Amino acid sequence: MHVIEDLPTPCVLIDQTRMEQNLSRVSVRSSNVQIRPHTKTHKSIELAKRQESLGAEGITVAKVSEAEKFINHGFTDVRIAYPIVGTHQLESIVNLSDKAHISFCIDTIEGAQCASSLLSKSGVEIDVLIEIDTGYGRCGVLYDHDNVINIASRIQELDGLRLCGILTHEGNAYAANDLEHTMAEARDRMLDVANRLHEALSIDPDSFEISMGSTPSISVFKNKNKGPFQITELRPGNYIFNDLTQVMLGVCSLDECALTVLSTVVSHHRTSMGTERFILDAGRKVLTSDLVAGNQDYGCILYNPRTRTAHPHARITGLSEEHGWGAVQGGSTFTVGDKVQIIPNHACVVVNMVDLMYMVHESEILSTITVDTRGCVI
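Computed from a prediction, not measured in an experiment: that's the story for all the values here.

*Asks:* Can you lay out the overall build of the chain for me, pointing to particular residues and giving the numbers?
*Replies:* Of regular secondary structure, the chain possesses 11 helices and 19 strands. In terms of overall dimensions, the chain has a C-alpha envelope of 70 × 40 × 35 Å along the principal axes. Expressed as a percentage of the 378 residues in the chain, the buried residues total 53%. Sequence-distant contacts, at least 24 apart, represent 69% of the contacts inside the chain between residues at least 6 apart. Carbon and sulfur atoms provide 47% of the accessible area of the chain, an area that totals close to 15900 Å². When the 32 positive and 47 negative side-chain charges of the chain are each reduced to one mean point, those points stand 3 Å apart.

So this is what it looks like as structure tokens:
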């Protein structure tokens with residue numbers, strides 16, 4: 001039997017039991033809406049298949065090159081939750097359209113015209129969703145702006161495009177003081193947009209998709225009807241693993257965090273300040289320099305990985321490329337060669353830094369999971 005202690009470090013571990021509980025929990029909680037998980041978190045064909053086996057309907061990706069990988073491995077319903085601009089990307093979508101149902105986002109008339117020009121020449125019609133800004137301030141047409149109607153009307157006029165719905169990423173949920181209120185506000189804004197489109201352009205509510213997505217908001221999501229519309233799908237990503245960001249938001253507990261980074265203590269020294277400085281072999285290239293609001297540490301070192309108990313004294317205070325800088329108040333708790341498990345601040349970024357992950361149960365290694373879409377940036 002191979003055990004965790006035999007693994008070279010740094011490496012990424014997935015606790016199988018916790019992961020499957022996370023997947024099942026969301027599947028049950030969201031029985032009144034379709035779940036289309038965002039694969040940017042795990043970037044794995046095998047794990048996407050596990051999500052489908054637990055009721056996920058289709059998958060979400062961020063890039064066309066990710067869509068190619070998944071479609072070439074048998075996935076037949078792929079949504080690119082990203083505004084697609086560029087000849088290479090659009091030609092790839094044309095080539096994929098005879099293998100799978102593929103859809104993508106538009107949030108400008110210029111983007112719609114660009115896509116139509118290429119798609120219509122290729123003789124295909126692709127489903128598109130208008131991306132709506134419900135408060136995050138990234139991509140998307142502002143939810144209360146008249147331009148929503150203008151873009152929708154123009155899409156209906158253009159060859160090669162079929163308007164199938166609207167989509168938002170309520171990323172402002174990550175900074176919300178009242179998560180439930182922020183989620184409800186984003187939901188209502190999306191439903192208002194759908195009703196305005198229905199009134200202005202006779203949008204058919206029976207076939208119109210209204211898509212939302214973020215792991216924090218799915219934890220408090222409540223669907224409702226507004227006119228003839230309700231939210232049709234959610235696109236959570238991080239929920240499969242969870243991380244310290246979700247813990248700090250109150251979305252989950254440490255015990256629900258399935259992904260950890262296994263790291264080795266490679267150096268330690270006493271300091272003149274009465275603390276011990278220790279160095280881990282996992283730096284920002286693995287742990288990521290993302291911080292969590294209200295916490296200046298770069299991850300949580302576990303005192304007991306089985307119970308997900310946090311170490312009461314050890315902190316990761318800084319990162320350089322290949323080094324994790326740690327500190328312990330008072331006496332020594334680590335020695336060179338010790339291995340520790342760390343819950344990272346942001347699991348999605350960690351996964352993209354490795355070629356494979358290890359599926360584990362307690363100390364036993366069950367299998368390896370390939371990170372199939374690592375580096376898919378186009």
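*Asks:* An account of the state of the cysteines is requested, with residue identities and associated values reported.
*Replies:* Inspection of every chain in the model, using the stated rule, returns zero disulfides. Cys-164 takes part in no disulfide bond, and the closest cysteine sulfur, belonging to Cys-105, lies 8.9 Å away. The class of Cys-164 is buried, set by a relative accessible area of 0%. For the unlinked cysteine Cys-300, the closest cysteine sulfur is that of Cys-257, found at 8.4 Å. For Cys-300, a relative accessible area of 12% translates into the label buried.

*Asks:* Can you explain the nonpolar core? Please cite residues and give values.
*Replies:* Phe-104, Leu-161, Ile-166, Phe-241 and Met-357 are the most contacted members of the largest nonpolar core, which totals 92 residues. The element best represented in this core is helix α7 (residues 179-201), accounting for seven residues. Look past the residues within four positions of Leu-161 in its chain and what remains in contact with it is Phe-104, Ile-106, Ala-112, Ala-115, Ser-116, Leu-119, Glu-125, Ile-126, Val-128 and Ile-155. By size, the runner-up hydrophobic cluster in this structure holds nine residues, among which are Val-247, Cys-252, Cys-257 and Cys-300.

*Asks:* Hey, could you go over the packing of helix α3 (residues 64-71) against helix α4 (residues 87-96) for me, with residue numbers and the actual values?
*Replies:* Two elements in contact, α3 and α4, have axes separated by 10 Å at closest approach and are oriented at 20°. The angle between the axes of α3 and α4 places the two elements in the roughly parallel class. Taken as a pair, α3 and α4 cross one another with a handedness that is left-handed. Two secondary-structure elements touch here, α3 through Val-64, Ala-67, Glu-68 and Ile-71 and α4 through Gln-89, Ser-92, Ile-93 and Leu-96. Grouping the amino acids of the contact of α3 with α4 by side-chain chemistry returns five nonpolar, two polar and one charged.

*Asks:* How would you explain the environment of Ser-263 if you had to name every residue and give the values?
*Replies:* Within the fold, Ser-263 resides in strand β11 (residues 259-270). Here the alpha-carbon distance between Ser-263 and Ala-282, two residues 19 residues apart in the chain, equals 5.9 Å. Setting aside residues up to four positions removed in sequence, Ser-263 forms contacts with Thr-9, Leu-280, Asp-281, Ala-282, Asp-338, Lys-339, Val-340 and Ile-342. Of note is the side chain of Ser-263, whose polar atom sits 2.7 Å from the side chain of Asp-281.

*Asks:* Could you give an account of the pairing of strand β1 (residues 11-15), naming the residues involved and the relevant values?
*Replies:* Within β1, five of the five residues are buried, which leaves the element mostly enclosed by the surrounding structure. Side chains of β1 alternate between two faces, with Cys-11, Leu-13 and Asp-15 and Val-12 and Ile-14 buried alike. Alignment of β1 against strand β18 (residues 356-361), held across three bridges, turns out to be parallel. Along β18, the bridge assignment pairs Leu-13 with Tyr-358.

*Asks:* Break down unusual backbone geometry for me, citing the residues and quoting the values.
*Replies:* Here the bond from Thr-9 into Pro-10 is cis, since omega is 0°, no more than 30 degrees from zero. The residue Pro-10 is located in the segment before β1 in this model. The residue Ser-202 is not glycine, and still its phi comes out positive at about 60°. By secondary structure assignment, the location of Ser-202 is in the loop between α7 and β9 (209-212). Here Ser-202 falls in the exposed class, since its relative accessible area comes to 62%. Positive phi values are uncommon outside glycine, yet Arg-308 reaches one of about 55°. Position of Arg-308 among the secondary structure elements: in the loop between β13 (300-304) and β14 (309-310). According to the relative accessible area criterion, Arg-308 is buried, its value standing at 5%.

*Asks:* So what about the packing of helix α6 (residues 147-157) against α7? Which residues, and what values?
*Replies:* Close contact between α6 and α7 brings their axes to 10 Å; oriented N to C, the two are set at 55°. One way to sum up the angle between α6 and α7 is to call them oblique. α7 is crossed by α6, and the crossing has right-handed handedness. Taking contact as the criterion, the partners of Val-148, Ile-149, Ala-152, Ser-153 and Gln-156 in α6 are, on α7, Val-193, Arg-196, Leu-197, Ala-200 and Leu-201. Here the contact of α6 with α7 is built from residues that sort into seven nonpolar, two polar and one charged.

*Asks:* Quick one: what's the story with the environment of Asn-177, residue by residue and with numbers?
*Replies:* With respect to the helices and strands, Asn-177 occurs in the loop between β8 (161-167) and α7. According to the relative accessible area criterion, Asn-177 is exposed, its value standing at 86%.

Scoring rules and cut-offs
- Residues numbered from 1 in each chain as written.
- Predicted model: local features only at pLDDT ≥ 70, side-chain atom pairs only at ≥ 80, totals over all residues.
- Heavy atoms only, no water.
- Helix = DSSP H or I, 4+ residues; strand = E, 2+ residues; numbered from the N terminus.
- Buried < 20%, exposed > 50% of the residue type's maximum accessible area, 1.4 Å probe, protein only.
- Contact = heavy atoms within 4.5 Å.
- Areas by Shrake-Rupley, 256 points an atom, 1.4 Å probe, with all protein chains shown as cover.
- Lys, Arg positive; Asp, Glu negative; His and termini not counted.
- Charge placed at Lys NZ, Arg CZ, Asp CG, Glu CD.
- Disulfide = S-S within 2.5 Å.
- Core = buried A, V, L, I, M, F, W, Y, C linked by side-chain atoms within 4.5 Å.
- Axes fitted to C-alpha atoms, helices over the stretch in contact; angles between N-to-C directions.
- Parallel < 35°, antiparallel > 145°, perpendicular 65-115°, else oblique.
- Left-handed = near helix turned anticlockwise from the far one by under 90°.
- Nonpolar A, V, L, I, M, F, W, Y, C, P; charged D, E, K, R; others polar.
- Polar contact = N/O pair within 3.5 Å; in protein donor to acceptor, adjacent residues only side chain to side chain.
- Pairing = 2+ DSSP bridges.

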